[in-house]
Amino acid sequence: MLSSSLRTAGRLMLPTRTYSNVATASSAKLQEQALEEKCILVNERDQYTGSASKRDCHRVDPEGNIRLHRAFSVFLFNSAGDMLLQRRSVEKITFPDCYTNACCSHPLYDIEGEREELNALGIRRAAQRRLNYELGIPMAQARPENFHYITRIHYADRGDGTWGEHEIDYILFLQKDVDLKPNDSEVSEVRYIPRDGLDKTIASLGAPLTPWFRLILQHRLQLWWDNLHQLKHYQNHSEIERF
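What this report covers is the structure whose coordinates are included nearby. (Residues numbered from 1 in each chain as written. Predicted model: local features only at pLDDT ≥ 70, side-chain atom pairs only at ≥ 80, totals over all residues. Heavy atoms only, no water.)

A look at empty space enclosed by the protein
A full pass over the atoms with the stated rule returns three cavities of 30 Å³ or more. When its volume is computed, the largest cavity comes out at roughly 260 Å³. Elements represented by at least two residues in the lining of the largest cavity include exactly helix H1 (21-34), helix H2 (54-58), strand S5 (69-77), strand S8 (103-105), helix H3 (121-135) and strand S10 (165-175). Grouping the amino acids of the lining of the largest cavity by side-chain chemistry returns eight nonpolar, six polar and nine charged. Taken as a whole, the second largest cavity holds about 50 Å³ of empty space. (1 Å grid on protein atoms, 1.4 Å probe; cavity = no way out; pocket = protein on both sides within 12 Å on 5 of 7 lines; lining within 4 Å. Points joined across faces, edges and corners; volume = space filled by probe spheres on them. Helix = DSSP H or I, 4+ residues; strand = E, 2+ residues; numbered from the N terminus. Nonpolar A, V, L, I, M, F, W, Y, C, P; charged D, E, K, R; others polar.)

Some words on the packing of aromatic side chains
Ring pairs (aromatic) are described by centroid distance and by the angle formed between their planes. All told, the structure shown has nine aromatic pairs when counted by the stated rule. By way of ring pairs, the aromatic residues Phe75, Phe77, Phe173, Phe213, Trp224 and Trp225 are connected into one cluster. In this structure, Arg59 is placed above the aromatic ring of Trp163, and the distance from its NZ or CZ to the ring centre is 4.7 Å. (Phe/Tyr/Trp six-rings, centres within 6.5 Å; stacked < 30°, edge-to-face > 60°. Lys NZ or Arg CZ within 6 Å of the ring centre and 35° of its normal.)

Some points on the state of the cysteines
Counted according to the given criterion, the structure contains zero disulfides. Free cysteine Cys103: the closest other cysteine sulfur is in Cys104, separated by 6.4 Å. (Disulfide = S-S within 2.5 Å.)

Section: H3
For H3, which comprises 15 residues, the first-to-last C-alpha distance of 21 Å matches the rise-based estimate of 21 Å (1.5 Å per residue) to within 8%. Within H3 the residues assigned to the buried category are Gly122, Ile123, Arg124, Ala126, Ala127, Gln128, Arg130, Leu131, Glu134 and Leu135. The inward-facing, buried residues of H3 contact S5, strand S6 (83-88), S8, strand S9 (148-157), S10 and strand S11 (187-193). Trailing H3 by a residue or two, Gly136 shows a phi angle of about 70 degrees, which is positive. (Expected span 1.5 Å × (residues − 1). Buried < 20%, exposed > 50% of the residue type's maximum accessible area, 1.4 Å probe, protein only. Contact = heavy atoms within 4.5 Å.)

Side note on unusual backbone geometry
Look at Phe95: it is not a glycine, yet its phi comes out positive at around 50 degrees. Position of Phe95 relative to the elements: it lies in the loop between S6 and strand S7 (99-100). Non-glycine residue Ala120 carries a positive phi angle of around 55 degrees. Assignment of secondary structure puts Ala120 in the loop between S8 and H3.

Observations concerning the pairing of S5
Of all nine residues making up S5, nine are buried, and the element is well covered by its neighbours. With burial as the criterion, each face of S5 is covered, one bearing His69, Ala71, Ser73, Phe75 and Phe77 and the other bearing Arg70, Phe72, Val74 and Leu76. Judged from the nine bridges that link them, S5 and S10 form a sheet pairing that is parallel. Bridge assignment links Arg70 to a residue of S10, and that residue is Ile168. (Pairing = 2+ DSSP bridges.)

Some points on the pattern of salt bridges
Taken as a whole and assessed by the stated rule, the structure comprises 14 salt bridges. Two residues, Glu36 and Arg55, come together in a salt bridge whose shortest N-O distance is 2.7 Å. With a gap of 19 residues between them, Glu36 in the loop between H1 and strand S3 (38-42) and Arg55 in helix H2 connect regions that are remote in the sequence. The exposure class of Glu36 is partly exposed, given its relative accessible area of 47%. (Salt bridge = Lys/Arg side-chain N within 4 Å of Asp/Glu carboxyl O.)

So this is what it looks like as structure tokens:
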């Protein structure tokens, strides 16, 4: 189930390897190339307004503004109800070396199927693609219909003052046992944590949380986690939540 990853005290560590300058440069190049992907721009009602590169969508302008775009956050649970926590690679452009939920990314404008808005189908397709890319989860194990779309959250964070986030973030839950083979240019560590160990785990982490994960953890995560088998009672597709 864990492919080449190793299980150690509930943590899935990537295989030990020595990073050469070439390997580090390769990871950095992949991150740089990803900045040219086109995100979907929206207004505060999540209505399409155009497209822009990931670079332009995450740059903080001189007035402190960041272009609003569409995104998603996947929370992945195994059949026992444990949640997957990932640590972002140090090569990530935005919020490197931070802990976060299983997968956080964007539907891409250039992929026609990811522009589909009905039933958040485009978002679900993007989530399937990114889970495969970041965590190596086979496409067949995370089909669009497997995701439970709960709500949308509008948030902004200026990050380090150069790179930040301003997103309409679709929250997706997926409860399924999956095969993992993390991409070490994206992810440096993954671990499953139990619900009753959440507070202790968060308090013991050796790196900060991403702003979106921290926000969801503070306001909604515990409630949703306690109701994995009845999430339909908590879904909100008519409003965009702001905390």
